[in-house]
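Listed here are the chains, written in short residue letters.
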Amino acid sequence: QVQLAESGGGLVQPGGTLRLSCSASGNFIKIRGMGWYRQAPGEQRVLVAGLTSDGRTDYADSVKGRFTISRDAAKNTVYLQMNSLKPEDTAVYYCFAEAVTRTFSSGMVYWGKGSQVTYSS
């Protein structure tokens with residue numbers, strides 16, 4: 001099993017910044033990639049940013065230039081630096097990790113519990 005511990009959500013005012021953190025722990029052989037999805041009320045969960053183990057990144061068009069994903073591989077931790085937040089960034093942000101384990105040798109996606117990010121004017 002893989003556990004994901006998230007931190008860093010909260011209320012942000014116009015022009016504010018937030019940084020989300022997500023750390024993976026448990027019995028895994030390798031983490032192939034980590035990142036975040038988000039889900040706004042009444043909407044589907046969508047990819048925000050992802051980072052593979054070899055350093056490739058992927059961002060939603062709506063956050064390019066404002067959000068940056070990074071990692072501390074030694075700590076199995078990824079960070080999402082969110083700048084210039086907008087009202088439409090309000091959502092629950094879910095950390096995910098694709099991990100190879102003895103049970104799931106082809107990989108399995110694990111999810112965090114979610115962190116609320118709220119833009120408040």
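Residues numbered from 1 in each chain as written. Predicted model: local features only at pLDDT ≥ 70, side-chain atom pairs only at ≥ 80, totals over all residues. Heavy atoms only, no water.

J.: Explain the overall build of the chain to me, please; I cannot follow it from the model alone.
T.: Along the backbone of the chain there are 0 helices and 11 strands. For a compact globule of 121 residues, the expected C-alpha radius of gyration is about 14 Å, and the chain comes in at 14 Å, within 12% of that figure. Viewed in the frame of its principal axes, the chain has a C-alpha envelope of about 45 × 25 × 20 Å. For the chain, buried positions account for 40% of its 121 residues. For the chain, the proportion of contacts with a sequence separation of at least 24, taken over those separated by at least 6, is 54%. As displayed, the chain offers around 6,700 Å² of accessible surface, 46% of which is attributable to carbon and sulfur atoms. (Helix = DSSP H or I, 4+ residues; strand = E, 2+ residues; numbered from the N terminus. Rg over C-alpha atoms; globule rule 2.2 N^0.38 Å. Buried < 20%, exposed > 50% of the residue type's maximum accessible area, 1.4 Å probe, protein only. Contact = heavy atoms within 4.5 Å. Areas by Shrake-Rupley, 256 points an atom, 1.4 Å probe, with all protein chains shown as cover.)

J.: Even after reading the chapter, I still don't get the packing of aromatic side chains, so can you show me in this structure?
T.: Think of a pair of aromatic rings as described by two things: how far the centres are apart, and how the planes are tilted against each other in angle. All told, the structure shown has 3 aromatic pairs when counted by the stated rule. Aromatic pair Tyr-37 and Phe-96: ring centres 5.4 Å apart, planes at 75°, arrangement edge-to-face. Here Tyr-37 is found in strand β4 (residues 30-39), whereas its partner Phe-96 is found in strand β9 (residues 91-100), with 59 residues between them in sequence. Overall, the relative accessible area of 26% leaves Tyr-37 in the partly exposed class. Considering the side-chain rings of Tyr-37 and Trp-111, the 5.3 Å spacing of their centres and the 70° angle between planes classify their relative orientation as edge-to-face. (Phe/Tyr/Trp six-rings, centres within 6.5 Å; stacked < 30°, edge-to-face > 60°.)

J.: Please explain the state of the cysteines as it appears in this structure.
T.: Here is the idea: a disulfide is a covalent bond, and it sits between the sulfur atoms of two cysteines. Under the defined criterion, the tally for this structure stands at 1 disulfide. Covalently, Cys-22 is tied to Cys-95 through a disulfide, its sulfur atoms 1.9 Å apart. Residues Cys-22 and Cys-95 share a disulfide whose torsion about the S-S bond is about -85°; that sign makes it left-handed. In this pair, Cys-22 is assigned in strand β3 (residues 18-26) and Cys-95 in strand β9, connecting sequence segments 73 residues apart. (Disulfide = S-S within 2.5 Å.)

J.: How should I be thinking about the nonpolar core in this particular structure?
T.: If you look at soluble globular proteins, the nonpolar side chains tend to sit buried side by side. The biggest cluster of nonpolar side chains holds 31 residues, and the ones touching the most others in it are Leu-4, Met-34, Trp-36, Leu-80, Met-82 and Tyr-93. When residues of this core are traced back to their parent elements, those giving at least two are β1 (2-7), β3, β4, β5 (46-52), β7 (67-72), β8 (77-82), β9 and β11 (115-119). Of the residues forming this core, the biggest block, 5 residues, is contributed by β9. (Core = buried A, V, L, I, M, F, W, Y, C linked by side-chain atoms within 4.5 Å.)

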